[in-house]
Amino acid sequence: MSSDDSSNAPSSQRRDAVREKAQQVHAKQSRARRARRFWIVTGVVVLVGAVAASVVYAFASTAAKPLAQPQNVSNDGFQITSVSGVTTTSGQAIGDATPTPTASGDPASATPSPTPTTTASVDIRVYVDFLSTGSRDFQVANVQQLTKWVSEGAAKLTYYPVAMLTAKSNGTKYSLRAASAAACVATHSPEKFFAFTNDLLVKMPSPDSDGMSDSDLANLAIASGAADPKSVRLCIENEDYASWVKNATDRAVDGIPDTKHVVLTGTPIVLVNGTQYMGALNDPKEFAQFVLTVASNAYYKTATPTPTPTPTAGQ
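Residues numbered from 1 in each chain as written. Predicted model: local features only at pLDDT ≥ 70, side-chain atom pairs only at ≥ 80, totals over all residues. Heavy atoms only, no water.

(A) The state of the cysteines, seen in detail. The final tally for this structure, using the stated rule, is 1 disulfide. Between Cys184 and Cys235 runs a disulfide, and the two sulfur atoms are separated by 2.0 Å. Looking along the S-S bond of the Cys184-Cys235 disulfide, the torsion reads about -80°, which is the left-handed sense. Taken as a pair, Cys184 in helix H3 (residues 174–188) and Cys235 in helix H6 (residues 229–237) lie far apart in primary sequence, 51 residues in all. For the pair Cys184 and Cys235, a shared accessibility class is recorded, and that class is buried. (Disulfide = S-S within 2.5 Å. Helix = DSSP H or I, 4+ residues; strand = E, 2+ residues; numbered from the N terminus. Buried < 20%, exposed > 50% of the residue type's maximum accessible area, 1.4 Å probe, protein only.)

If you want it as structure tokens, here you go:
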């Protein structure tokens, strides 16, 4: 009996040792699992905190950084202050005495454009999209007489760059980028804004093409004579005023100021003293006649009658 108990003792001790070893392994595994859960939870918390901080910073940065607003702008338009450097489609510089082409475009039959002769200058506003063929047609046909009227002080001319055709350039947003480039020139070199606007319209790329790159737009602006080339290039290539152009376009779509319910539905829209021109875009004579008619109507509405002498007694 005693020999049996003696033989079973080592076996019992071994079982106890195995059991103790298993408990130690289980405890170690449990500690490892708890440690992994702790670090996973900690990592998630840190990640969520970092994301939240980034979002807060982004919103704070957006709130702190105002929308870039171009200079020399009034009601989303840029008034022409200089007509220097403007050229025709053939590259010829435009002078004050240059005759205006007839509707047929025959240089031999060209006649000088009439000039408004009212006591106050005529207000001409032009909403242009730099991918709109109609905008190009109006500019090419009328640039000479517009230049003449502005240089003689007979017209106040203002251009409004908008982006109605942003989706018509294979995803490059040329319409938006070109309008932003125009705002850059108006800001950094306002005396060359008209020349650059004319170049953009005359050298307009085909619709549904990529259009010019930002670098090409900057090169064109500098070739147009823009001062401070470094600032102009940086502004254009960074598309500084793209957001402003979007907002200005939306405002015009909602309603054009100082008009009788005129809204931007396409380009160009040309307004003379607030009245929309509905004639042929490529007929400078028709447009000139419209300008003279509107100017004359405005003049006679505001003209003060000359007092008639009152006879005195005995006369």
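(B) Looking closely at the environment of Ala298. Topologically, Ala298 is positioned in helix H8 (residues 284–302). For Ala298, a relative accessible area of 29% corresponds to the partly exposed category. The sequence separation of Ala298 and Val122 amounts to 176 residues, and the corresponding C-alpha distance is 9.2 Å.

(C) Region of the structure containing the side chain of Asp283. If you trace the backbone, Asp283 turns up in the loop between strand S5 (275–276) and H8. Although buried, Asp283 forms no salt bridge, and the nearest oppositely charged side chain, Lys285, lies 7.5 Å from it. Among the polar contacts listed, one links the side chain of Asp283 to the backbone nitrogen of Lys285, at a separation of 3.1 Å. From its side chain, Asp283 meets the backbone nitrogen of Glu286 in a polar contact 3.2 Å long. (Lys, Arg positive; Asp, Glu negative; His and termini not counted. Salt bridge = Lys/Arg side-chain N within 4 Å of Asp/Glu carboxyl O. Polar contact = N/O pair within 3.5 Å; in protein donor to acceptor, adjacent residues only side chain to side chain.)

(D) Spatial organisation of helix H7 (residues 242–254). Between its first and last C-alpha, H7 extends 19 Å over 13 residues, near the 18 Å set by a 1.5 Å rise per residue. Along H7, the residues classified as buried are Ala242, Trp244, Val245, Ala248, Thr249 and Ala252. For H7, the buried positions fall inside an angular range of 150° around the axis, keeping them on one side. If you follow the buried residues of H7, they end up packed against strand S1 (78–79), strand S2 (122–128), strand S3 (155–161) and H3. (Expected span 1.5 Å × (residues − 1). Arc of directions from axis to C-beta. Contact = heavy atoms within 4.5 Å.)

So, to be careful, I would describe these as geometric facts and stop short of saying anything about function.
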